[in-house]
Amino acid sequence: MQRCTARITRRSRNAVVALLTAAVVTVGAACTTGVPAPGGTSTSPGQVPAAAPAGARDVGVQLFQWTWDAIATECTDHLGPAGYGWVLTSPPQEHVLGSQWWTAYQPVSYRIESRLGTRAQFGAMIAACHAAGVDVVADAVINHMTGKDAPGTGWAGSTYTHYDYPGIWSDAAGDFHHCGVGPSDDISNYRDAYQVQNCELSNLADLATGTKHVQDGLVAYLTDLRSLGVDGFRIDAAKHIPAEDLAAVVARLPAGTRIVSEVIRGSGEPITPEQYAAIGDVLEFAWGKDVTGMVRGGSLRLAAGLGAGSTYLPSDKAWIFVENHDTERGRATLGYKDGADYVLANVLMLATGYGRPIVYSGYAFSDRDAGPVQGAAGKVVDAACPAAVGPQVAYTDGEWVCQHRWAAIEGMVGWRDAVGGDLVSDRWQHGDAFALSRGARGLVVLNGGDVEVAAQVPTTLSDGSYCDVVAGPAVEGRCTGGPVTVRGGIADVRVAPHTALALHVGAPAGV
Ligand code: LM2
Ligand code: CA
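Please read these numbers as outputs of a predicted model, since none were measured by experiment.

## Examining the site of ligand 1
Phase 1 of the analysis: Taken together, 16 residues lie around ligand 1, and W102, Q106, D236, E262 and D326 are the ones closest in.
Phase 2 of the analysis: Measuring from an oxygen atom of ligand 1, one finds a backbone N or O atom of S202 at 3.1 Å.
Phase 3 of the analysis: Taking 680 Å² as the accessible area of ligand 1 by itself, protein coverage stands at 76%.
Phase 4 of the analysis: When each cavity is represented as a set of grid points, ligand 1 is found to reside in the largest pocket.

What follows is the structure, encoded as structure tokens:
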């Protein structure tokens, strides 16, 4: 395969940008190329694994801190129609009191009563989502209980002390780890596997997950959620639960329970995501982190082959995301505050054949601890998306950002559902612009560069006129973005700096 552009260094890229300021780069179709993978080797099309087949609806969305009532409405009105396959909820169990978002990560009991809603509301949400074709995955906090040194009362009225949860867990029954490291029993060294799994994460009382009593209780909690219709679980802090303990719990859950373990990949750490792959799927944190580095480093095109290398989880085990509620607060990954570049990363995530994507949707904040807007009694106010959403909107603190409804992101969910499992069949690149083309069903062109690209991009899409679903939805054959013409295997495109364009067979322009 011919390569038309040498690997561009930061300096030469800037020189090109300077030369072409305000100019339009025009590139011919001869530029078909294998895009270098992160390691620098060329990736041949066959190396990128297939995504789910067309119509499989494999895109998830994390509706962070959305109430059960609001999720129910969203499933019916938007998630189902847009083609989302599943929604990840915040933890549903009773939690400590406080206005911060992270109270949800300090369980007091396993009653399904929280400031996000009641057990009845939770069940009604699942029914509404299922009716809309959307599965429900709940965040399961099962590594620990509270991090409170003082006794307290939880959201639903259950009393507790740090190591005593009446009727559930107690020190007397041997339900907690006390690792004996340092004065506080806190994890201090992530290179020590024993500490990571037996000491406390931020003072959070660490469950002795190897005991039969604790496993029985956790199985009962998760089975109860399954009985309400939940389809699967994100296992919070899975890295801190020995893989064999988690495997023992999961083995006792009803058949078909979907599991995705949260195991943050850390360099030099002995506990790895791969150790949890036999239990179910695993969140691949490296994907979003690497994309972020490439975008911030001005080399988006290097991200085209992400996942094809051997340093990530196998594609069929990996769930990928640009950001989640933790990384957006640490600014470790791109987030809504990054505007156009954040959209580009999401477009790439939804186009790639590696793993299964999770779109993130939260609320605006400047204080990392700030919880969602709450009513007088502390109940979270139902989310409502602003009339206009998107990267250009200046969100005020507390306002729902509704990334999952941004035109480009929602358009790409539809693109993925239409294109499905077709292998990436040919690729094109120029400078920091590149294409991912999937068989005869869809084409995406991303321009990470600072100049507009006008180009003839090879594609196996049939001749015709297509809507650009990144720019806006196609409404009954009428484009709000585009149209873009394909003739004789060539798509004639113009892509502004830091934007993308996507065409697919399901969104033809009207005749
Ligand atoms: C996770 N995954 O492994 C969650 O994704 C992450 O959001 C959780 O941390 C963490 N693990 C525990 O479930 C969050 C938040 C922390 C917060 C904890 C517990 O990022 O800041 O810790 O939840 O609510 C807070 C305080 C911390 C304090 C701790 C215990 O920030 O200073 O530690 O509570 O009181 C003394
Ligand atoms: Ca633990």
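## Topic: empty space enclosed by the protein
Phase 1 of the analysis: In this structure the tally under the stated criterion is four cavities of 30 Å³ or more.
Phase 2 of the analysis: Quantified by volume, the largest cavity comes out at close to 80 Å³.
Phase 3 of the analysis: Lining of the largest cavity is provided by Q62, L88, R234, V260, L283, F321, E323, N324, I358, V359 and Y360.
Phase 4 of the analysis: Here the element with the most residues in the lining of the largest cavity is strand β13 (residues 356-361); it accounts for three residues.
Phase 5 of the analysis: Here the residues of the lining of the largest cavity are counted per class, giving seven nonpolar, two polar and two charged.

## Focus on the pairing of strand β9 (residues 232-235)
Phase 1 of the analysis: Burial along β9 is two-sided: the residues G232 and R234 and F233 and I235 are all buried.
Phase 2 of the analysis: Bridge count between β9 and strand β10 (residues 258-261): four bridges; the pairing is parallel. The residue bridging I235 from the neighbouring strand is S261, located in β10.
Phase 3 of the analysis: A crossover connection joins β9 to the parallel β10 through helix α6 (residues 243-250); in handedness this β-α-β unit is right-handed.

## Notes on the coordination of the calcium ion (ligand 2)
Phase 1 of the analysis: All of the protein donors around the calcium ion (ligand 2) are N143 (OD1), Q197 (O), D206 (OD), D206 (OD) and H240 (O); their distances to the metal are 2.3 to 2.7 Å.
Phase 2 of the analysis: Of note, the calcium ion (ligand 2) draws all its donor residues from one chain, in the sequence arrangement N-x53-Q-x8-D-x33-H. Residue N143 is found in the loop between β4 (135-140) and β5 (152-153), and its partner Q197 is found in helix α4 (residues 193-198); the two are separated by 54 residues along the sequence. Summarising the burial analysis for this pair, N143 and Q197 share the class buried.

Each value, and the rule that gives it
Residues numbered from 1 in each chain as written. Chains lettered and ligands numbered in written order. Predicted model: local features only at pLDDT ≥ 70, side-chain atom pairs only at ≥ 80, totals over all residues. Heavy atoms only, no water. Near = heavy atom within 4 Å. Polar contact = N/O pair within 3.5 Å; in protein donor to acceptor, adjacent residues only side chain to side chain. Areas by Shrake-Rupley, 256 points an atom, 1.4 Å probe, with all protein chains shown as cover. 1 Å grid on protein atoms, 1.4 Å probe; cavity = no way out; pocket = protein on both sides within 12 Å on 5 of 7 lines; lining within 4 Å. Sits in = over half its atoms within 2 Å of the grid points. Points joined across faces, edges and corners; volume = space filled by probe spheres on them. Helix = DSSP H or I, 4+ residues; strand = E, 2+ residues; numbered from the N terminus. Nonpolar A, V, L, I, M, F, W, Y, C, P; charged D, E, K, R; others polar. Buried < 20%, exposed > 50% of the residue type's maximum accessible area, 1.4 Å probe, protein only. Pairing = 2+ DSSP bridges. Right-handed = clockwise from strand over helix to strand, strands pointing away. Donors = N, O, S within 2.8 Å, 3.2 Å for Na, K, Ca; no water.

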